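Coordinate inspection notes
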Amino acid sequence: MTFIRVLALTALVPVFAIAAPEDSVFDLKVTRVRALRDQPGDLHIDSQGIEFRSTDGKTDIAIAIQDLREASVVDARDMRFETYEVQKWKPMERREYTFRAAPDAPIERLALFLARRVHRPVVGHYKDDSQFRVAAFHRRALKGNDGTLEIGEESIQFVSDQPADSRTWLYRDIETIGRPDSFRLRVTTNRETYVLELKEDLTEAAYQLAWSKIYNLERSGK
């Protein structure tokens, strides 16, 4: 192999790396969950928005990405998309659509996709860089799950073996954090409050990093 050919092949490597496509389209077989009768159909999600078409062709739903007020994709069996539209018979509530997909749906990739495109809260989990890690436990009403609390430059995460219990909270979506005591950390968004029991000491540096990101101390100090 000549030197010129080796150089040419080397030059192609970063091009292919950059060109590696990120998920930009999701097509899922789903069931729309309703009070009276569920509807099987197809769910299409891309950078323009969300579309659902029922199998019987009787229902078409389209939500533009800018009209998506909230999204919850922590569980493939309970994906929720809330719009700005107010419900006609319940003026205090927004119109929300719930879908159930197969357990192997790419839920983490979908959460990352939405978090990068929706400027409103997205409830879900995807892997993000972290600087601090502490073993933790999330307690529920009847049980709970072990996991790891991770704090980084862009987010706080709770990583569990149970996907529906895992979370990635971008700092922009967190309303408050707190330490009721040295053994617990509370993360509050407009959608939920998570209290994690810490199995190890959370360093002051880790807490101060999260605190400064959430309350914009870095920006206010400039």
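Look a little higher up for the structure.
Residues numbered from 1 in each chain as written. Predicted model: local features only at pLDDT ≥ 70, side-chain atom pairs only at ≥ 80, totals over all residues. Heavy atoms only, no water.

Quick notes on the overall build of the protein chain
- Helix and strand counts for the protein chain stand at 4 helices and 15 strands.
- Of the contacts made within the protein chain by residues no fewer than 6 positions apart, 43% connect residues no fewer than 24 positions apart.
- Just so you have it, the protein chain exposes about 13,600 Å², and 52% of that area is on carbon and sulfur atoms. (Helix = DSSP H or I, 4+ residues; strand = E, 2+ residues; numbered from the N terminus. Contact = heavy atoms within 4.5 Å. Areas by Shrake-Rupley, 256 points an atom, 1.4 Å probe, with all protein chains shown as cover.)

What to know about the sheet that holds strand S14 (residues 184-189)
- Pairing is antiparallel across the open sheet formed by 7 strands, whose spatial order is S12-S11-S10-S9-S15-S14-S13. Taken across any chain shown, the strands that pair with only one partner, and hence form the sheet edges, are strand S12 (167-170) and strand S13 (174-178). Direction aside, the axes of adjacent strands within the sheet are offset by 25° on average.
- Of the strand pairs in this sheet, S13 and S14 are connected by 4 bridges, and their pairing is antiparallel. Paired with isoleucine 177 across the strands is valine 187, a residue of S14.
- Against the sheet, helix H3 (residues 204-214) contacts strand S9 (132-139), strand S10 (144-151), strand S11 (155-160), S13 and S14, and its axis sits at roughly 150° relative to S13. (Pairing = 2+ DSSP bridges. Axes fitted to C-alpha atoms, helices over the stretch in contact; angles between N-to-C directions.)

Comments concerning the pattern of salt bridges
- Across all of its chains, the model carries 20 salt bridges by this definition.
- Put simply, arginine 133 and glutamate 150 hold a salt bridge, and the shortest N to O gap is 3.9 Å. Residue arginine 133 is found in strand S9, and its partner glutamate 150 is found in strand S10; the two are separated by 17 residues along the sequence.
- A relative accessible area of 51% places arginine 133 in the exposed class.
- Where aspartate 181 meets arginine 184, a salt bridge forms, and the shortest distance between an N and an O atom there is 3.0 Å. (Salt bridge = Lys/Arg side-chain N within 4 Å of Asp/Glu carboxyl O. Buried < 20%, exposed > 50% of the residue type's maximum accessible area, 1.4 Å probe, protein only.)

Comments concerning the environment of arginine 184
- Here arginine 184 shows up in strand S14.
- In the structure, arginine 184 is positioned 11 residues away from valine 195 in sequence and 6.7 Å away in space, judged by C-alpha atoms.
- In this structure arginine 184 touches Gly178, Arg179, Val195, Leu196, Glu197 and Leu198, once residues within four positions along its chain are discounted.
- At 3.0 Å, the side chain of arginine 184 forms a polar contact with the side chain of aspartate 181. (Polar contact = N/O pair within 3.5 Å; in protein donor to acceptor, adjacent residues only side chain to side chain.)

Let's talk about helix H2 (residues 107-117)
- Taken as a whole, H2 has its buried residues at Ile107, Leu110, Ala111, Phe113, Leu114 and Ala115.
- Buried residues along H2 sit against strand S1 (25-32), strand S2 (39-46), strand S5 (68-72), strand S6 (79-86), strand S8 (122-123) and S12.

What about the side chain of serine 130?
- The topology assignment puts serine 130 in the loop between S8 and S9.
- Overall, serine 130 belongs to the buried group, its relative accessible area being 15%.
- At 3.1 Å, the side chain of serine 130 and the side chain of arginine 133 are in polar contact.
- Side chain to side chain, serine 130 and glutamate 150 meet in a polar contact 3.0 Å long.
- If we ignore the near neighbours within four places in the chain, the residues touching serine 130 are Glu150, Ile151, Gly152 and Gln157.

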